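The chain contents come next:
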Amino acid sequence: MAVPKCMLKGKELDDVREDFRTARRVEQYRLGEKALYFPEGLRWNYLPLTEIQKVEESFRVISAGHCVPVREKRPEIDICTEEGTVHMQLEKQESMKEILNAISAVTKHG
């Protein structure tokens, strides 16, 4: 397995392989003790949880259908770091809560 790549220059984790190996799957993402992992093709990128400055709940609206329009709200998380904002698109409200709880636990006590 290729080593996951840090999304923030100079903020790499020493034990990223071990953290990734023990990370739990949350939809298409992985949530470790020290980082949040984002898939990119066959590789993974990560954000160290301690480098997250602010997290905001958001929603995206999906529109479908032409004759009878269908609109559906889906959860999204906006993660702010020193280098900008990363958007996480999710399918389930429970997934958003799980990720937000993990981030807040680290940023409060980290």
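In this text, all values refer to a predicted model and were calculated from it rather than measured experimentally.

### Some thoughts on the environment of methionine 88
Mapped onto the secondary structure, methionine 88 falls in strand S8 (residues 84-89). For methionine 88, the contacting residues outside a window of four places in its chain are Tyr29, Leu36, Phe38, Pro75, Glu76, Ile77, Ile79 and Ile99.

### Focus: the nonpolar core
If you look at the biggest cluster of nonpolar residues, it comprises 28 residues, and the most contacted ones within it are Leu36, Tyr37, Phe38, Ile77, Ile79, Met88 and Ile99. At the level of secondary structure, the elements contributing two or more residues to this core comprise helix H1 (16-22), strand S3 (29-31), strand S4 (35-40), strand S5 (43-48), strand S7 (70-81), S8 and helix H2 (93-109). At 6 residues, H2 tops the list of elements feeding residues into this core. Setting aside chain neighbours within four positions, we find phenylalanine 38 in contact with Met7, Tyr29, Arg43, Trp44, Asn45, Leu47, Ile79, Val86 and Met88.

### Quick notes on the state of the cysteines
Simply put, disulfide is the name for a covalent bond between the sulfur atoms of two cysteines. Evaluation of the coordinates by the stated rule reveals 0 disulfides. In this structure cysteine 6 is not part of a disulfide, and its nearest cysteine sulfur, from cysteine 80, lies 17 Å away.

### Here we look at the packing of aromatic side chains
A complete count under the given rule lists 4 aromatic pairs for this structure. Seen from their ring centres, phenylalanine 20 and tyrosine 37 are 5.1 Å apart, and the 75 degrees between their planes marks the pair as edge-to-face. Of this pair, phenylalanine 20 sits in helix H1 while tyrosine 37 is found in strand S4, placing the two residues 17 residues apart along the sequence. In terms of burial, phenylalanine 20 and tyrosine 37 fall into one category: buried. Here tyrosine 29 and phenylalanine 38 contribute two aromatic rings whose centre-to-centre distance is 5.5 Å and whose plane-to-plane angle is 75 degrees, an arrangement assigned as edge-to-face. Each member of the pair tyrosine 29 and phenylalanine 38 is classed as buried. An aromatic cluster of three or more residues is present, and its members are Phe20, Tyr37, Trp44 and Tyr46.

### Let's talk about the pairing of S5
Summarising burial for S5: 5 of the 6 residues are buried, a large majority. Where strand S1 (residues 5-6) meets S5, 2 bridges bridge the pair, whose relative direction is parallel. Looking at S5, one finds that cysteine 6 is bridged to tyrosine 46. Relative to S5, S4 runs antiparallel, the two sharing 6 bridges. Bridged to proline 39 within S5 is tryptophan 44.

Rules and cut-offs
Residues numbered from 1 in each chain as written. Predicted model: local features only at pLDDT ≥ 70, side-chain atom pairs only at ≥ 80, totals over all residues. Heavy atoms only, no water. Helix = DSSP H or I, 4+ residues; strand = E, 2+ residues; numbered from the N terminus. Contact = heavy atoms within 4.5 Å. Core = buried A, V, L, I, M, F, W, Y, C linked by side-chain atoms within 4.5 Å. Buried < 20%, exposed > 50% of the residue type's maximum accessible area, 1.4 Å probe, protein only. Disulfide = S-S within 2.5 Å. Phe/Tyr/Trp six-rings, centres within 6.5 Å; stacked < 30°, edge-to-face > 60°. Pairing = 2+ DSSP bridges.

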